[in-house]
Amino acid sequence: MTANVKTITVDRGEGLMEALYLPAILIGLGLTVRHFMRNMFGKRDVVTIQYPEEQRRVSPRYRGRHRLTVREDGFIKCVACYMCEEICPSHCIHIDAGEVPDKSVEKYPVVFDIDELRCVFCGLCVEACPKDAIRMDTGIIALAASHRDSFDYTRDLLKDVYHENEKTKFRSVPLPLTEEEALPESVGRIVR
Amino acid sequence: MDILLHPVTQALIKIAIIVMGFVMALGTVLTLMERKWMSAVQDRIGPNRANVGRFTGHGALHIAADGLKSIFKEDTIPKGVDLLIFGLAPFFGFISAMTVWAVIPFAAPLGPVTFQITDVNIGILLVLALTSLGVYGAVLAGWSSNNKYALLGAARASAQMLSYEIFLGLSLVGLFMVYGSVQVSTLVEQQNTYWFGDVIPKWGMFTQPVALVLFFTAMLAESKRLPFDAPEGESEIIAGYFMEYSGMRWSAFMLAEYITVVGIAALTTTLFLGGYNVPWLHQDGFHLFGGFLPVPAWLVLLLQIGSFITKVVLLCWFIIILRWTVPKFRFDQTMELGWKKLLPVSLANVAVTALVLLAIDTWHL
Ligand code: SF4
Ligand code: SF4
């Protein structure tokens, strides 16, 4: 397939003008001074995002912090099948299963902890989940805290925040009911 | 009044005003301005976060923040350094950058008061001697650091600065021949004479354009800024000769760099941009095309000081913008440029200047 390959001869401008070096510097100075004048005195077109105040919209596909989705009746979707815990390469998911009376579901996670400090944000847990119960589409990209414990995200923390997500404006999952109603036997630890 | 007019008192007052009020201030402001201006060139905003309450002053507080930070930072001294030399080295660069100001005139003398710390008759030669002390800062810092990168940086710095010093001096020889003096006050006064009646000022940039380029290049190399920053060479030898320094000592190197920038600007202004001279402004007023506009002496003084400071600040701006324009030279390219290109050019410049001056003398052109 060499037919489509074009040979372009680039003029490297060899000769006296190039050897003098000064004309090239002047051309370069023209460019930098133009940018300088525009940004100092004219219309500033800087590309900087003033980070904590201004935030960039993240793509919906961005693997941010996890969230646990809920069913239409507000109960957590996860059936505690341990698929995600099993596949997680950094062993940062910890699940304890409990029983639900609903025989079509049988199990639910009494404890569902993710140590976000160990997580490598590979997204394998999302891939593995048979119930679409865990997702990483919160758009939360900067996890920062002053204490290690704050990164131990518990089930309720993971479940609760998705409807507050202002950035991705994710609205396809119904808002949850109250915590007690959705998870009567929750023992999730809330660390703020 | 007598004690105020005593030369020593005068010199002390001038040192205080010039060094503290102008050089240090401008050098310090430049540390911030470099970052602000560079970000303007690169379509960014630059530092703007340091704040007291809600006041940030568009980043002006970063100057104070930087100072405080480096004072309170731990001053790490690595194992095996030569403590005495390690401690002394930062000051060599500093001192050599400062002493340039001893001979720079800010305005024409007014009666018994001169606006120049001292007007020694070897003028520029003194400056050349003192700036060449700067190489000790780099060499001693690299040598005493007990670090191979630092030693490499020091080796590069010494080679580069010694080579560029040669045509730094040579580039000025033409200037000395044209103005017939090495005394700074004479050099500057001579630049207020005119060609074609009173139209084109005989500034160094018009009488010796080639020397201007050579001198400026050599001075850039002396300051070890881009495109001649091989001695620091972040991408290859980390920070070169001062990589082991931290805290306030490191700041001394940084500040010395900016004071050198101000010094380059002042020297170039004095030698090539007419010093404090405003075009067509003489001690009694403006002379142009036979016309005459009288100006009171105090206004002449203010205009001269203003013109000097404006020129210096504009040149500082130019030096900084230049840093963000030109790519870095490899070390061998630096040396090749110096020895194979700039040295012959500066020799040719001297020869041509001599011939032209001889021609003017012989045929009374
Ligand atoms: S994203 Fe990867 S590392 Fe993080 S919890 Fe899921 S499987 Fe584990
Ligand atoms: S999140 Fe999904 S994969 Fe993990 S235990 Fe629950 S249902 Fe299974």
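Just so it is clear, the structure is predicted and the values come from calculations on it, not from any experiment.

Here the focus is the sheet that holds strand 3 (residues 107-115) of chain A. Residues and elements named next belong to chain A. With antiparallel pairing, the three strands of this open sheet are ordered in space as 2-3-5. Either end of the sheet is taken by a strand with one partner, and the two such strands are strand 2 (93-99) and strand 5 (152-153). As paired strands, strand 2 and strand 3 are joined by seven bridges and run antiparallel to one another. When the sheet's bridge partners are listed, His94 is paired in strand 3 with Asp113.

All names here are of chain A. Phi at Phe121 takes a positive value of approximately 55°, unusual for a residue other than glycine. Turning to its location among the elements, Phe121 is positioned in the loop between strand 3 and helix 4 (124-128). You can call Phe121 partly exposed: its relative accessible area is 26%.

A few words on the packing of aromatic side chains. Residues and elements named next belong to chain B. Applying the stated rule across the entire model yields 18 aromatic pairs over all chains. Residues Phe106 and Phe308 carry aromatic rings whose centres are separated by 4.7 Å and whose planes lie at 50° to one another, so their mutual orientation is tilted. Here Phe106 is found in the loop between helix 4 (83-99) and helix 5 (123-131), whereas its partner Phe308 is found in helix 13 (residues 297-323), with 202 residues between them in sequence. Overall, the relative accessible area of 0% leaves Phe308 in the buried class. Between the aromatic rings of Tyr164 and Phe167, the centroid separation amounts to 5.0 Å while the plane-to-plane angle is 55°, which identifies the pairing as tilted. Placement of the pair is Tyr164 and Phe167 together in helix 7 (residues 148-179), with a separation of three residues, close to one helical turn. Accessibility expressed as a relative area gives 0% for Tyr164, which makes it buried. Phe167 gets classed as buried once you look at its relative accessible area, which sits at 1%.

Bringing the interface of chain A and chain B into the picture now. When the parts come together, some accessible area is lost, and that loss is often what is quoted as the size of the interface. At the junction of the two partners, chain A supplies 22 residues and chain B supplies 18 residues. For the pair chain A and chain B, the summed buried surface comes to about 1700 Å²; carbon and sulfur atoms form 65% of the total. Viewed at the interface, chain B and chain A are joined by one salt bridge. A salt bridge links Asp43(B) to Arg38(A); the nearest nitrogen and oxygen atoms lie 3.8 Å apart. The interface formed by chain A and chain B holds four residue pairs in polar contact (both at pLDDT 80 or more) in total. Here the residues of the side of chain A that touches chain B are counted per class, giving twelve nonpolar, six polar and four charged.

Roughly 870 Å³ of internal volume is contained in the largest pocket. For the lining of the largest pocket, the elements supplying multiple residues, two or more each, are helix 1 (16-20) and helix 2 (22-40) of chain A together with helix 10 (209-223), helix 13 and helix 14 (331-363) of chain B. Considering each element in turn, the lining of the largest pocket owes the most residues, seven residues, to helix 10 of chain B. Split into classes, the residues belonging to the lining of the largest pocket amount to 27 nonpolar, two polar and one charged. Of the voids in this model, the second largest pocket is the one considered here, and its volume is about 600 Å³. If you trace the second largest pocket, you find 22 residues lining it, with Thr31(B), Asp66(B), Trp250(B), Ser251(B) and Met254(B) closest to the centre. When contributions to the lining of the second largest pocket are tallied by element, the ones reaching two or more residues are helix 2 (7-41), helix 3 (61-72) and helix 12 (247-272) of chain B. With seven residues, helix 12 of chain B is the largest single contributor of residues to the lining of the second largest pocket. The residue inventory of the lining of the second largest pocket, partitioned by class, reads nine nonpolar, seven polar and six charged.

Another point: empty space enclosed by the protein. All names here are of chain B. Taken as a whole, this structure holds three cavities of 30 Å³ or more when the rule is applied. Here the largest cavity defines a volume of roughly 350 Å³. Lining the largest cavity we find 27 residues, and of these Gly93, Glu222, Lys224, Ala256 and Thr260 sit closest to its centre. Put simply, the parts of the chain that give the lining of the largest cavity at least two residues each are helix 4, helix 6 (134-144), helix 10 and helix 12. Considering each element in turn, the lining of the largest cavity owes the most residues, eight residues, to helix 12. Per-class residue counts for the lining of the largest cavity are 15 nonpolar, eight polar and four charged.

To continue, consider the site of ligand 2. Lining the immediate surroundings of ligand 2 are 13 residues, of which Cys78(A), Cys81(A), Tyr82(A), Cys84(A) and Cys129(A) lie closest. Taken together, the residues of the shell around ligand 2 sort by class into 13 nonpolar, no polar and no charged.

Okay, the packing of helix 12 of chain B against helix 13 of chain B next. Residue and element names in this part refer to chain B. Interhelical geometry of helix 12 versus helix 13 gives an angle of 125° and a closest axis separation of 8 Å. If you check the angle between helix 12 and helix 13, you find them oblique. Pair helix 12 / helix 13 crosses with right-handed handedness. Residues Glu257, Tyr258, Val261, Val262, Ile264, Ala265, Ala266, Thr268, Thr269 and Thr270 of helix 12 form the contact with helix 13, whose participating residues are Phe308, Lys311, Val312, Leu315, Cys316, Ile319 and Arg323. For the contact of helix 12 with helix 13, the per-class residue count stands at eleven nonpolar, three polar and three charged.

Here the focus is the nonpolar core. Core analysis: the largest hydrophobic core is formed by 73 residues, its most contacted members being Trp101(B), Ile124(B), Leu172(B) and Val312(B). Per-element accounting of this core gives the leading share, eleven residues, to helix 12 of chain B. When residues no more than four places from it in sequence are discounted, the contact partners of Trp101(B) are Ile18(B), Phe22(B), Val23(B), Phe106(B), Ile117(B), Val262(B), Gly263(B), Ala266(B) and Phe308(B). Phe75(A), Cys78(A), Val79(A) and Ala80(A) belong to the second largest nonpolar core, which has 26 residues in total.

Our focus in this paragraph is the site of ligand 1. Taken together, 14 residues lie near ligand 1, and Cys88(A), Ser90(A), Cys119(A), Cys122(A) and Cys125(A) sit nearest. A class-by-class count of the residues in the shell around ligand 1 yields eleven nonpolar, three polar and no charged.

Attention now moves to the packing of helix 2 of chain B against helix 3 of chain B. Residue and element names in this part refer to chain B. Two numbers describe how helix 2 lies on helix 3: the axes approach to 9 Å, and their chain directions differ by 115°. The angle between helix 2 and helix 3 places the two elements in the roughly perpendicular class. Between helix 2 and helix 3 lies a crossing of right-handed hand. Taken together, the residues of helix 3 that come into contact with helix 2 (itself represented by Thr28, Val29, Leu32 and Arg35) are His62, Ile63 and Asp66.

Criteria and cut-off values
Residues numbered from 1 in each chain as written. Chains lettered and ligands numbered in written order. Predicted model: local features only at pLDDT ≥ 70, side-chain atom pairs only at ≥ 80, totals over all residues. Heavy atoms only, no water. Pairing = 2+ DSSP bridges. Helix = DSSP H or I, 4+ residues; strand = E, 2+ residues; numbered from the N terminus. Buried < 20%, exposed > 50% of the residue type's maximum accessible area, 1.4 Å probe, protein only. Phe/Tyr/Trp six-rings, centres within 6.5 Å; stacked < 30°, edge-to-face > 60°. Contact = heavy atoms within 4.5 Å. Buried area = accessible area lost by both parts, 1.4 Å probe. Salt bridge = Lys/Arg side-chain N within 4 Å of Asp/Glu carboxyl O. Polar contact = N/O pair within 3.5 Å; in protein donor to acceptor, adjacent residues only side chain to side chain. Nonpolar A, V, L, I, M, F, W, Y, C, P; charged D, E, K, R; others polar. 1 Å grid on protein atoms, 1.4 Å probe; cavity = no way out; pocket = protein on both sides within 12 Å on 5 of 7 lines; lining within 4 Å. Points joined across faces, edges and corners; volume = space filled by probe spheres on them. Near = heavy atom within 4 Å. Axes fitted to C-alpha atoms, helices over the stretch in contact; angles between N-to-C directions. Parallel < 35°, antiparallel > 145°, perpendicular 65-115°, else oblique. Left-handed = near helix turned anticlockwise from the far one by under 90°. Core = buried A, V, L, I, M, F, W, Y, C linked by side-chain atoms within 4.5 Å.

Interpretation in functional terms is not warranted from these geometric data alone.
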